[in-house]
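Overview (structure and organization)
Residue strings, one per chain:
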Amino acid sequence: MAQLVEGETKTFERTFTVEDVQQFADLTGDDQPRHTEPDEDGQVMVQGLLTATLPTKMGSDNEVLASTMEFNFHQPVYTGEPITCRSTYDTVVERDDRYEFTSDVVCENTDGETVLTSAAEGIIWKDT
């Protein structure tokens, strides 16, 4: 892992499909009609916890071991709607074998409306 820098921001974008939502419904049992019955535009509402996989995917890219994660859901996300997430490392403490950090994530739709915010703290092990 390269050096972790306080204030560094990473970005990730994803558009969920009806198939993504159905697979999540099958896996979790969260199969409310709003998630399984498409509206007149063929869209369904994405489960909140499926939306929360956006910040977790970003953490996975950096091999984060989170000790806490907090999610705030501001408005629904629908299939076919691109969502962009920005994760910023607010604090970084370097240790001999790891980085300890806190971070904030803001996820927005294409209209610039916040759909999800998240805060996390954890560690990233240094390459040994």
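Higher on the page you've got the structure.
A brief structural summary. Here the structure is a predicted model, which means the values were calculated and not measured.

Right, let's get into the nonpolar core. Counting 16 residues, the largest nonpolar core has V46, L50, L54, I83, C85, C107 and V115 as the members making the most contacts within it. Those elements giving two or more residues to this core turn out to be α1 (18-28), α4 (53-61), β3 (82-94), β4 (98-108) and β5 (114-125). Judged by nonpolar contacts, the second largest core, of six residues, contains Y89, Y99, F101 and I124.

With that out of the way, let us pick up the environment of M45. Tracing the backbone shows M45 in the loop between α2 (33-36) and α3 (48-51). For M45 and G80, which are 35 residues apart along the polypeptide, the C-alpha to C-alpha distance reads 10.0 Å. With residues near it in sequence (within four places) discarded, M45 still touches V21, R34, H35, P76, V77 and Y78.

Before going further, it helps to spend a moment on the environment of Y78. Structurally, Y78 is set in the loop between β2 (65-73) and β3. Overall, Y78 belongs to the partly exposed group, its relative accessible area being 30%. Distance from Y78 to E13, taken between C-alpha atoms, is 14 Å for residues 65 residues apart in sequence. Among all residues touching Y78, those that are not within four sequence positions of it are Q43, V44, M45 and V46.

As enumerated under the stated definition, the model contains two aromatic pairs in all. Taken together, a centroid distance of 6.4 Å and an interplanar angle of 25° make the contact between F71 and F73 stacked. On the basis of relative accessibility, which here comes to 44%, the residue F73 falls in the partly exposed class. Centre to centre, the rings of Y89 and F101 are 5.4 Å apart; their planes meet at 90°, and the pair counts as edge-to-face. Residue Y89 is found in strand β3, and its partner F101 is found in strand β4; the two are separated by twelve residues along the sequence. There is no split in this pair, since Y89 and F101 are both buried. We note K126 situated over the ring of Y99; from NZ or CZ to the ring centre the distance is 5.2 Å.

This next bit is on α1. Taken together, the buried positions of α1 are D20, V21, F24 and A25. The buried side chains of α1 occupy one side of the element, clustering within an arc of 135° when seen end-on. For α1, exposure combined with an orientation more than 90 degrees from the buried face picks out E19, Q23, D26 and L27. On its buried face, α1 is in contact with β1 (9-15), α2 and α3.

Each value, and the rule that gives it
Residues numbered from 1 in each chain as written. Predicted model: local features only at pLDDT ≥ 70, side-chain atom pairs only at ≥ 80, totals over all residues. Heavy atoms only, no water. Core = buried A, V, L, I, M, F, W, Y, C linked by side-chain atoms within 4.5 Å. Buried < 20%, exposed > 50% of the residue type's maximum accessible area, 1.4 Å probe, protein only. Helix = DSSP H or I, 4+ residues; strand = E, 2+ residues; numbered from the N terminus. Contact = heavy atoms within 4.5 Å. Phe/Tyr/Trp six-rings, centres within 6.5 Å; stacked < 30°, edge-to-face > 60°. Lys NZ or Arg CZ within 6 Å of the ring centre and 35° of its normal. Arc of directions from axis to C-beta.

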